[in-house]
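The chain contents come next:
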Amino acid sequence: MAATEIARQAGEGARAVPLSGHVGFDSMPDQLVNKSVNHGFCFNILCVGETGLGKSTLMDTLFNTKFEGDPTQHNQPGVQLKSNTYELQESNVRLKLTIVNSVGFGDQINKEDSYKPIVEFIDTQFEAYLQEELKIKRTLHSYHDTRVHACLYFISPTGHSLKSLDLVTMKKLDSKVNIIPIIAKSDAISKSELAKFKIKITSELVSNGVQIYQFPTDDETVAEINSTMNGHLPFAVVGSTEEVKIGNKMVKARQYPWGTVQVENENHCDFVKLREMLIRVNMEDLREQTHTRHYELYRRCKLEEMGFKDTDPDSKPFSLQETYEAKRNEFMGELQKKEEEMRQMFVQRVKEKEAELKEAEKELHEKFDRLKKLHQDEKKKLEDKKKSLDDELNIFKQKKTAAELLQSQAQQAGGSTTLKRDKERKNSGFL
Amino acid sequence: MADTAKTTHPQPAGRPEKGAEFGYVGIDAILEQMRRKAMKQGFELNIMVVGQSGLGKSTLINTLFKSKVSRRSVMPSDEERIPKTIEIKSVSHDIEEKGVRMKLTVIDTPGFGDQINNENCWQPIMKFINEQYEQYLQEEINISRKKRIPDSRVHCCIYFIPPTGHCLRPIDIEFMRHLSKVVNIVPVIAKADTLTLEERDFFKQKIREDLRVNEIEVYPQKEFDEDSEDRMINDKIREMIPFAVVGSDQEYQVNGKRLLGRKTRWGTVEVENTAHCEFAYLRDLLIRTHMQNLKDITSSIHYEVYRVRRLNENNTHPSDQPNGHSNGVPTHEVLSHEM
């Protein structure tokens, strides 16, 4: 039994066959879209920039909603990332939008490690997806994708050039996420300065080798608009949720004594371009790039780090399984070794304790013996003394009886002189 | 560090208005973006046809896709021999309709059920299907993966039941019982123009009964209905399976129109007339409404079952009991019906 493939052309790999009637598979894109609509979409944006550059306001303006709470203070001890998820709906499209804000970025005196929490956050999301993908029983199709799809990097409107903090951070992030640099609060820069600023920024990015996200130009329907927009990067934006009456319309704008900056006026700022590119034209491409380029790179590095290698052309299949096996055996071996070590340590401790206890016991015995001996000595002494006292008592009794006998004999013989002489003898006997 | 996300539901101010951009964000433009991407990438579909020779498999495939896509049309010098063992032959075609490109692969199984001893006839087919899953799994676990893994997994298997009019034969039950666990099976009654309508209904009822008694789940499977809407649509389909089909790639003049059909002395059977046969329903199911669903069930259910089994195989030693996977996820106890 053999599985054979017939009729394969060299270039295509399959015959091109003309259809003689309407089959109906042109509804496939619709089927695919319907499935995605039922499922819902998710999109995750990371906003990186110094405190006070208008990140939250810009998000509010972009998605036309008031998102979260109060502006943050400037006295954060380190950089933290705050992430919030919102469910938005427009016509029949449900979007799960996650906005991650960098809090305290650029506020510290020593900013050497400022980029680290951000890189860690992005890696954590990749790791979570990788773990899910490597599970045996997995539910990829209902997994809530938290990987960062786009990173909006907010540049301060100094008008001169990029800060070194910006360069360092962007360099660390460019291989992990799609970076879209934007100039924040750009109503602080005049038009001519803005043009020079943009050129300076682009040239600095190029000379430092920072890869920012390029809008894709391979699809003819959007190639033209995308390539024009690529030339306008970085976008100079102004965000505002307040509305001002201009003419007879209410528009989002910032009102100054010398004039009003309209957010959606293309002559005033690039907000419309940003919204167009980020949401209306390239959202899907951003998600795809994240999955096929950044995530794959992370996955490859992580797996290689863990010791897995791909198969050689003629090596055994399932090297991943075998490496898993080897790793597992290694791990079990290590566990066993540790167990042995612990057991030995336990045995040793027990021995030591036993020896200690034996020592103590011996001491106690000795003490007991000593005390006993002492006791016996004392007893003997006392007995001796008692004996001697008993002896004396006996002698005294004997003498007493002898004396009494003599006394009675003397009485019988009668003679007070003998009495006297006896008395004297008696007295001298007693002296 | 990041705090965990909390979900809130603010409403976007305003609805999309024509002309004025005020209030309209443009999130629904993602649908258009997805459509564009799908059109650019094109689609893939792999259909397998299984049945005894002479049941009209090649003709039906040609009729379904309105072009000469079957094996017979590709090999002009095919002798009408019945192979000694089951062979698996697959042919790929690029077809295009209204800008949508599709790579269609038809997998034919000549020799199935044609031997005198048909024991284990389903095994080579099962092996082929599992080989496709294996190929996909290998690509997926590579360190450096391709951008788009070529999908050669069988999305749908059309099983041809000969129009005996009685009930399912043992070979049919055996085959469908084993394969309904690894692939989507769509059973059809072949050459249905030999059955009258009453015979057809009776036959269908018997077949459904047999399927139920033997616990065979054919497509659309009850357990994979996602919501009540799906269930309603699929219930209607389940009442109609197996479809009684007639295939033809010849056109005849009927009532002033040129239609595909089979011309006999007593009349012309119109293939696409739903009063004559159920070909149109089959085509709508396979192509116009449920094609994406077929692919989804293959990739997220059948393939995952295979993957779980495969990854568990390497984790259990004969001497140990099954213990944890190296990343800490407990292994799934493989049930007997999954083997």
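Placed above this text is the structure.
We now turn to the structure provided with this report. This structure is a prediction, so every number in the text was calculated from the model and none was measured. (Residues numbered from 1 in each chain as written. Chains lettered and ligands numbered in written order. Predicted model: local features only at pLDDT ≥ 70, side-chain atom pairs only at ≥ 80, totals over all residues. Heavy atoms only, no water.)

Let's shift gears to unusual backbone geometry. Backbone torsion omega between Leu233 of chain A and Pro234 of chain A reads -10°, so that peptide bond is classified as cis. For Pro234 of chain A, the position within the fold is in the loop between helix H6 (220-232) and strand E8 (235-236). Note that the residue after Ile241 of chain B, namely Pro242 of chain B, is joined by a cis bond; omega there is -5°. With respect to the element layout, Pro242 of chain B can be found in the loop between helix H7 (228-240) and strand E7 (243-244). If you check the backbone angles, Lys191 of chain B has positive phi at about 50° while not being a glycine. With respect to the helices and strands, the residue Lys191 of chain B is situated in the loop between strand E6 (185-189) and helix H6 (197-213). Accessibility expressed as a relative area gives 41% for Lys191 of chain B, which makes it partly exposed. Residues other than glycine seldom take positive phi values, yet Glu215 of chain B does so here, at roughly 55°. (Helix = DSSP H or I, 4+ residues; strand = E, 2+ residues; numbered from the N terminus. Buried < 20%, exposed > 50% of the residue type's maximum accessible area, 1.4 Å probe, protein only.)

This brings us to the sheet that holds strand E9 (residues 257-264) of chain B. All names here are of chain B. On the basis of which strands lie adjacent, the open sheet formed by 3 strands has the order E8-E9-E10 and antiparallel pairing. Edge positions in the sheet fall to strand E8 (251-254) and strand E10 (267-270), since each has one partner strand and no second. Taking each pair of neighbouring strands and ignoring which way they run, the sheet shows an average axis angle of 70°. Across 4 bridges, the pairing between E8 and E9 is antiparallel. Note on E9: the bridge partner recorded for Tyr252 is Leu259. (Pairing = 2+ DSSP bridges. Axes fitted to C-alpha atoms, helices over the stretch in contact; angles between N-to-C directions.)

Residues and elements named next belong to chain B. Judged by how many residues are buried, strand E5 (residues 156-161) sits mostly within the fold: 6 of 6 residues are covered. Burial along E5 is two-sided: the residues Cys156, Ile158 and Phe160 and Cys157, Tyr159 and Ile161 are all buried. As judged from the 4 bridges shared by strand E2 (residues 43-50) and E5, these two strands associate in the parallel manner. Residue Val49 lies in a different strand from E5, and its bridge partner there is Ile158. Taken together, E5, helix H5 (residues 170-179) and E6 constitute a β-α-β crossover, and its handedness is right-handed. (Right-handed = clockwise from strand over helix to strand, strands pointing away.)

Further remarks concern the packing of helix H1 (residues 28-39) of chain A against helix H9 (residues 291-313) of chain B. Between H1 of chain A and H9 of chain B, the shortest axis-to-axis distance is 8 Å and the interhelical angle comes to 55°. In terms of orientation, H1 of chain A and H9 of chain B fall into the oblique class. Of the residues in H9 of chain B, those touching H1 of chain A at Met28, Gln31, Leu32 and Lys35 of chain A are Met291, Gln292, Lys295 and Asp296 of chain B. (Parallel < 35°, antiparallel > 145°, perpendicular 65-115°, else oblique. Contact = heavy atoms within 4.5 Å.)

Residue and element names in this part refer to chain A. One open sheet accounts for 3 strands, arranged E9-E10-E11; its pairing is antiparallel. Edge positions in the sheet fall to strand E9 (243-246) and strand E11 (259-262), since each of these pairs with one other strand and no more. Ignoring which end each strand starts from, the neighbouring axes of this sheet average 65° apart. Direction of pairing for E9 relative to strand E10 (residues 249-256): antiparallel, over a ladder of 4 bridges. Residue Val244 lies in a different strand from E10, and its bridge partner there is Val251.

Looking at the secondary structure, you find Lys82 of chain A in strand E4 (residues 80-90). Taking the C-alpha atoms as reference points, Lys82 of chain A and Val100 of chain A, separated by 18 residues in sequence, lie 5.5 Å from one another.

What follows covers the state of the cysteines. Under the criterion given, the structure shown has 0 disulfides over all chains. Counting only cysteine sulfurs, Cys151 of chain A is the nearest neighbor of Cys47 of chain A, a cysteine outside any disulfide, at a range of 7.9 Å. (Disulfide = S-S within 2.5 Å.)

Time to look at helix H3 (residues 115-134) of chain A. Side chains that are three or four residues apart share a direction in an α-helix, a result of its 3.6 residues per turn. Counted at 1.5 Å a residue, the expected span for H3 of chain A with its 20 residues is 28 Å, and the 28 Å between its end C-alpha atoms agrees. Within H3 of chain A, 15 of the 20 residues are buried, leaving the element largely enclosed by the surrounding structure. (Expected span 1.5 Å × (residues − 1).)

With that out of the way, let us pick up the environment of Glu87 of chain A. Tracing the backbone shows Glu87 of chain A in strand E4. Expressed as a C-alpha distance, the spacing of Glu87 of chain A and Pro257 of chain A, which sit 170 residues apart in the sequence, is 38 Å.

A word on the nonpolar core. Membership of the largest hydrophobic core comes to 87 residues, with the highest contact counts inside it found for Phe63 and Leu278 of chain A. Of the residues forming this core, the biggest block, 9 residues, is contributed by H3 of chain A. Here Leu278 of chain A is in contact with Phe43, Ile45, Leu62, Ala150, Leu152, Ile180, Met283 and Leu286 of chain A, once residues within four sequence places are set aside. Membership of the second largest hydrophobic core comes to 86 residues, among which are Met28 of chain A together with Leu60, Cys156 and Leu179 of chain B. (Core = buried A, V, L, I, M, F, W, Y, C linked by side-chain atoms within 4.5 Å.)

Turning next to the packing of aromatic side chains. Under the definition given, this model contains 14 aromatic pairs over all chains. Centre to centre, the rings of Tyr129 of chain A and Tyr143 of chain A are 5.5 Å apart; their planes meet at 70°, and the pair counts as edge-to-face. Taken together, the positions of Tyr129 of chain A in helix H3 and Tyr143 of chain A in the loop between H3 and strand E6 (150-155) put the pair 14 residues apart, joining distant regions of the chain. When the ring of Tyr256 of chain A is compared with that of Trp258 of chain A, the centres are 5.0 Å apart and the planes differ by 5°; the resulting orientation is stacked. Taking relative accessible area as the criterion, Tyr256 of chain A reaches 24% and is therefore assigned partly exposed. With a relative accessible area of 70%, Trp258 of chain A lands in the exposed category. When the ring centre of Tyr295 of chain A is taken as origin, the NZ or CZ atom of Arg147 of chain A, which lies over that ring, is 4.8 Å away. Lying across the ring of Tyr303 of chain B, Arg153 of chain B places its NZ or CZ 4.8 Å from the centre. (Phe/Tyr/Trp six-rings, centres within 6.5 Å; stacked < 30°, edge-to-face > 60°. Lys NZ or Arg CZ within 6 Å of the ring centre and 35° of its normal.)

Moving on, we get to helix H5 (residues 191-207) of chain A. Residues and elements named next belong to chain A. In a regular helix each residue adds 1.5 Å, so 17 residues correspond to 24 Å; H5 covers 24 Å between its end C-alpha atoms and thus fits that length. Here H5 has its buried residues at Leu194, Phe197, Lys198, Ile201, Glu204 and Leu205. Buried residues along H5 cover an arc of 135° about the axis, so they all sit on one side. Exposed side of H5, more than 90 degrees from the buried face: Ser192, Lys196, Ile199, Val206 and Ser207 are the residues found there. Note on H5: the residue one or two positions beyond its end, Gly209, has a positive phi of about 70°. (Arc of directions from axis to C-beta.)

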